Amino acid sequence: MVVTRTPLIAGNWKMNLDHLQAIAFVQKLDWALKDAKHDFASVEVAVFPPFTDLRSVQTLVSADKIEFAYGAQDLSAHASGAYTGEISGAFLSALGCGYVLVGHSERRQYHGETDELIAAKVKAAIAHGLVPVICVGETAGDLEEHGASAVPVAQLEAALAGLPKGADIVVAYEPVWAIGSGQAATPEQAEQVALPLRAVVGRVLGDAAAAKTRILYGGSVGASNIAGFMREPNIDGALVGGASLKINDFSAIIRYQKHVGV
Ligand code: PGA
C-alpha cells in the first residue's frame, strides 16, 4: 500500500504574542511564504497561537486568503458547563481551528495533566471535528531509566484508548529533554521512536490509519536540522516552538525541501 503523507510543519507559539502581535506575525509569515511561492499542497503549515489570538487569526486568514491552518494549544475534556477557565472544542471549531495540541509536555508537567485526562481531551477534540496533535515524549530521567520509546509508546497507547478505528490524529514525538534546550534528538533517535509509535497507531486505529497518520518530531527544531528529520521515513513533519516565532527561521523550516534538495 503506497500512502503519501503530506508533511506538516506546525508552530507552537506557547504563551507568546498577543492578538495584535499575532496579526502582524501571521501577515508577515503569509507574505514570506507567498514571496517564496510556497506550495501548501506539498508541505502543510499550521500555527498554534494562544486562545485570545484565535479570533483575530481567523478573521485575517479568511480576509487575506491565507492558506495555513491554525489551532489551539489545549482544550477542555468537557463540551460545556461549569468549568471555569476552560475552553470547549466546540468554541475552537467555531473559530475555524483545524487542529488542537493535546498533552504537550508543558501541560503534563505544569498542569498535572494525566494520561486519562489527555485521552478524554483527544476524544473531545475528535467529537468537535478537530484533529488532535497528540504530544508524547520521555524526560531525561525516563530516557535513562526506560530507554527512549517506552514512555512515549505508553503515553500514546493511553491517549488512543477507546478511539474508533481510522480516527484522524497527528502524533508529535517530543523528547522533553530536547524541548527548548537547543539539544535536539538526532534524526536516527527520533526515527527509532517514531517507528514504534506508528505501530501503536496501527494496533489501536488500524493499518490504514497507521499508514496515513503524520508523526512529527519536536524539540529544538531549527532551519539547520529540519532536513535531517524529514529524511527519516517515519517522520512527517515538525512541531516547532522557539523557532516558530521567528519569521525567517520558521519559513526556512517550512521550505526545507528547497534549501537541502530533499
Ligand atoms: P522548541 O519547542 O522547538 O522550542 O524546543 C518545541 C515544543 O515545545 O513544541
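I will try to describe carefully the structure that is included in this document. All residue numbers refer to positions counted from 1 along the written sequence of the respective chain. Per-residue local features of the predicted model are confined to residues with pLDDT of at least 70, and side-chain atom pairs are confined, for both listing and counting, to 80 or more; whole-chain, interface and lining totals are unaffected and use all residues. The side-chain figures draw on all heavy atoms in the structure; neither hydrogens nor water molecules are used.

Salt bridges are identified by distance alone: a Lys or Arg side-chain nitrogen within 4 Å of an Asp or Glu carboxyl oxygen. One pass over the full model with this rule turns up eleven salt bridges. In this structure, the salt-bridge partner of Lys34 is Asp30, at a minimum N-O distance of 2.8 Å. Residue Lys34 and its partner Asp30 are both found in helix α1 (residues 19-35); the two are separated by four residues, about one turn of the helix. For every residue, the accessible area obtained with a 1.4 Å probe (protein chains only) is divided by the maximum for its type, and the residue is called buried under 20%, exposed over 50%, and partly exposed between those limits. Relative accessible area serves as the criterion here: at 41%, Lys34 is assigned to the partly exposed category. With relative accessibility at 4%, the residue Asp30 sits in the buried group. The residue Arg108 makes a salt bridge to Asp115 at a minimum N-O spacing of 3.0 Å. A residue is classified by how much of its surface remains accessible, and Arg108, at 15% relative accessible area, is buried. For Asp115, a relative accessible area of 27% corresponds to the partly exposed category. Each of Asp74, Arg107, Glu113 and Lys121 takes part in a single network of salt bridges with overlapping partners. For the purposes of this entry, the term helix denotes a DSSP run of H or I that reaches at least four residues, the term strand denotes a run of E that reaches at least two, and both are numbered from the N terminus.

In this section: the site of the ligand. Near the ligand, the surroundings consist of 13 residues, among which Lys14, His104, Glu174, Gly180 and Ser220 are the closest. The definition of a polar contact used here is a pair of N or O atoms within 3.5 Å, where within protein one atom must be able to donate a hydrogen and the other to accept one, and adjacent residues in sequence count solely through side-chain atom pairs. A distance of 2.8 Å separates an oxygen atom of the ligand from a polar atom in the side chain of His104. At 2.8 Å, a backbone N or O of Gly241 approaches an oxygen atom of the ligand. Polar here means any residue outside two lists: the nonpolar Ala, Val, Leu, Ile, Met, Phe, Trp, Tyr, Cys and Pro, and the charged Asp, Glu, Lys and Arg; Gly therefore counts as polar. Along the lines of polarity and charge, the residues of the shell around the ligand split into four nonpolar, seven polar and two charged. We call a residue near a given molecule or strand whenever any one of its heavy atoms falls within 4 Å of it.

For the rest of this paragraph, the subject is the packing of helix α7 (residues 150-160) against helix α8 (residues 187-205). Fitted lines through C-alpha atoms give the axes, limited to the stretch in contact for helices. The angle between two N-to-C directions lies from 0 to 180 degrees. Axis separation between α7 and α8 bottoms out at 10 Å; the angle between their running directions is 25 degrees. As summarised for this structure, α7 and α8 are arranged roughly parallel, according to the angle between their axes. By crossing handedness, the relation of α7 to α8 is classed as right-handed. Judged by residue contacts, Pro152, Val153, Leu156, Glu157 and Leu160 of α7 engage Val193, Pro196, Leu197, Val200, Val201, Arg203, Val204 and Leu205 from α8. Of the residues contributing to the contact of α7 with α8, the split by class is eleven nonpolar, no polar and two charged. An angle below 35 degrees is read as roughly parallel, one above 145 as roughly antiparallel, one from 65 to 115 as roughly perpendicular, and any other as oblique. Handedness of a crossing follows from how the near helix is turned relative to the far one, being left-handed for an anticlockwise turn of less than a right angle and right-handed for a clockwise one. Whether two residues are in contact is decided by their heavy atoms, any of which lying within 4.5 Å being enough.

To continue, consider empty space enclosed by the protein. Here a cavity means grid points, on a 1 Å grid over the protein atoms only, where a 1.4 Å probe fits yet cannot get out; a pocket means an open set of points with protein on both sides within 12 Å along at least five of seven lines; lining residues are those with an atom within 4 Å of a point. Grid points are joined across faces, edges and corners, and a volume is the space filled by probe spheres set on the points. Enumeration over the complete set of coordinates arrives at one cavity of 30 Å³ or more. Of the voids in this model, the largest cavity is the one considered here, and its volume is about 40 Å³. Lining the largest cavity we find Gly103, His104, Ser105, Arg108, Cys135, Val136, Gly137, Gln155, Glu174 and Val176. Elements represented by at least two residues in the lining of the largest cavity include exactly α4 (105-110) and β5 (131-136). For the lining of the largest cavity, the class distribution of residues is three nonpolar, five polar and two charged.

To continue, consider the pairing of β5. Taking burial as the measure, the six residues of β5 include six buried ones, the bulk of the element. Judged by which residues are buried, β5 turns out to be covered on both faces: Val131, Val133 and Cys135 on one side and Pro132, Ile134 and Val136 on the other are all buried. Only strands joined by at least two bridges in the DSSP assignment are considered to pair. Direction of pairing for strand β4 (residues 99-102) relative to β5: parallel, over a ladder of four bridges. Pairing of Tyr99 across the sheet is with Val131, part of β5. Of the strand pairs in this sheet, β5 and strand β6 (residues 170-173) are connected by four bridges, and their pairing is parallel.

What follows concerns the pairing of β4. Where burial is concerned, the two faces of β4 agree: the one with Tyr99 and Leu101 and the one with Val100 and Val102 are both buried. Where strand β3 (residues 69-72) and β4 come together, two bridges link them in parallel fashion. What sits directly across from Ala72, in β4, is Val100. Taken together, β3, helix α3 (residues 89-94) and β4 constitute a β-α-β crossover, and its handedness is right-handed. The handedness rule is simple: strands pointing away from the viewer, and a clockwise path from the first strand over the helix to the second, make the crossover right-handed.

Just distances and angles here, no functional claims.
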